[in-house]
Amino acid sequence: QVQLVESGGGLVQAGGSLRLSCAASTRTFANFAMGWFRQAPGKEREFVSAIRWSGDRTYYADSVKGRFTISRDNRKNTLYLQMNSLKPEDTAVYYCAAGPFLATLKSEYDYWGQGTQVTVSS
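Undergrad: Can you help me understand the state of the cysteines in this one?
TA: By definition, a disulfide is the covalent link that joins the sulfur atoms of two cysteine residues. For the structure shown, the criterion picks out one disulfide. Across a sulfur-sulfur distance of 2.0 Å, Cys22 and Cys96 are joined as a disulfide pair. Its torsion about the S-S bond being 50 degrees, the disulfide of Cys22 and Cys96 is classed as right-handed. Of the two residues, Cys22 is situated in strand S3 (residues 18-24) and Cys96 in strand S9 (residues 92-99); the sequence distance between them amounts to 74 residues.

Rendered as structure tokens:
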């Protein structure tokens, strides 16, 4: 029932910035915790960041802490990921996900978007 659509990916040089968006199709968006995951070629999908339904609690993977910022606009049913100081190792397909509680494991999320490609060149 919940549809998630990511956008904002693209090609950027190392040190640059990019802002990803995830639009949700449900009026109950504010009731969901949301997360961002990414998957690079040949690697497992890994946790990037998560945010509580109210936005008052967030969590970041160590690899992105201090560079990425997760946020949400519940009135617009939209999740964001501001990515600064991008590195080539950030290159991956980025996915947004929705679940009942703030979580870091893939299995704890119930809904997933189709992903958006982020490529960081050196």
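Undergrad: Which parts of the structure should I look at to understand the nonpolar core?
TA: In summary, soluble globular proteins display a tendency toward joint burial of nonpolar side chains. Among the nonpolar cores identified, the biggest contains 35 residues, and Met34, Trp36, Leu79, Leu81, Met83 and Tyr94 are the most heavily contacted of them. At the level of elements, S3, strand S4 (33-39), strand S5 (46-51), strand S7 (68-73), strand S8 (78-83), S9 and strand S11 (116-121) are the ones that each hand at least two residues to this core. The element contributing the most residues to this core is S9, with five residues. With near-sequence residues (within four places) excluded, Tyr94 lies in contact with Glu6, Leu20, Trp36, Phe37, Arg38, Val48, Phe68, Leu81, Met83, Gly115, Thr116 and Val118.

Undergrad: Please explain the sheet that holds S8 as it appears in this structure.
TA: Two modes of strand pairing occur in sheets, parallel and antiparallel, and in both the strands are linked by backbone hydrogen bonds. Judged by pairing direction, the sheet is antiparallel, and its four strands sit side by side in the order S1-S3-S8-S7 without closing on themselves. The strands lining the two open edges of the sheet, one partner per strand, are strand S1 (4-7) and S7. Within the sheet, the average angular offset between the axes of one strand and its neighbour, ignoring direction, is 15 degrees. Of the strand pairs in this sheet, S1 and S3 are connected by four bridges, and their pairing is antiparallel. Looking at the pairing, Leu4 lines up with Ala24 of S3.

Undergrad: Would you take a moment to explain unusual backbone geometry for this structure?
TA: Where the residue is not glycine, phi is negative for most of them; where a peptide bond is considered, it is trans in most cases. Positioned with a positive phi, Asn77 is a non-glycine residue whose angle comes to about 55 degrees. Summarising the element assignment, Asn77 is placed in the loop between S7 and S8. One non-glycine residue, Ser85, lies in the positive phi region at around 50 degrees. With respect to the helices and strands, Ser85 occurs in the loop between S8 and S9.

Undergrad: Teacher, can you tell me more about the pattern of salt bridges here?
TA: Side chains that differ in charge, positive against negative, can pair when their charged atoms come close. Under the counting rule described, the total for this entry stands at five salt bridges. Asp90 is paired through a salt bridge with Arg38; the nearest N and O atoms lie 2.9 Å apart. Within this pair, whereas Asp90 is found in the loop between S8 and S9, its partner Arg38 is found in strand S4, the two being separated by 52 residues in sequence. Comparing Asp90 with Arg38, the two get one shared label, buried. When the shortest N-O distance is used, the salt bridge between Asp56 and Arg52 registers 3.2 Å. For Asp56, a relative accessible area of 52% puts it in the exposed group. When salt bridges with common partners are traced through the structure, they connect Arg38, Glu46, Arg67 and Asp90 into a single cluster.

What counts and how
- Residues numbered from 1 in each chain as written.
- Predicted model: local features only at pLDDT ≥ 70, side-chain atom pairs only at ≥ 80, totals over all residues.
- Heavy atoms only, no water.
- Disulfide = S-S within 2.5 Å.
- Helix = DSSP H or I, 4+ residues; strand = E, 2+ residues; numbered from the N terminus.
- Core = buried A, V, L, I, M, F, W, Y, C linked by side-chain atoms within 4.5 Å.
- Buried < 20%, exposed > 50% of the residue type's maximum accessible area, 1.4 Å probe, protein only.
- Contact = heavy atoms within 4.5 Å.
- Pairing = 2+ DSSP bridges.
- Axes fitted to C-alpha atoms, helices over the stretch in contact; angles between N-to-C directions.
- Salt bridge = Lys/Arg side-chain N within 4 Å of Asp/Glu carboxyl O.

By themselves these figures say nothing about function.
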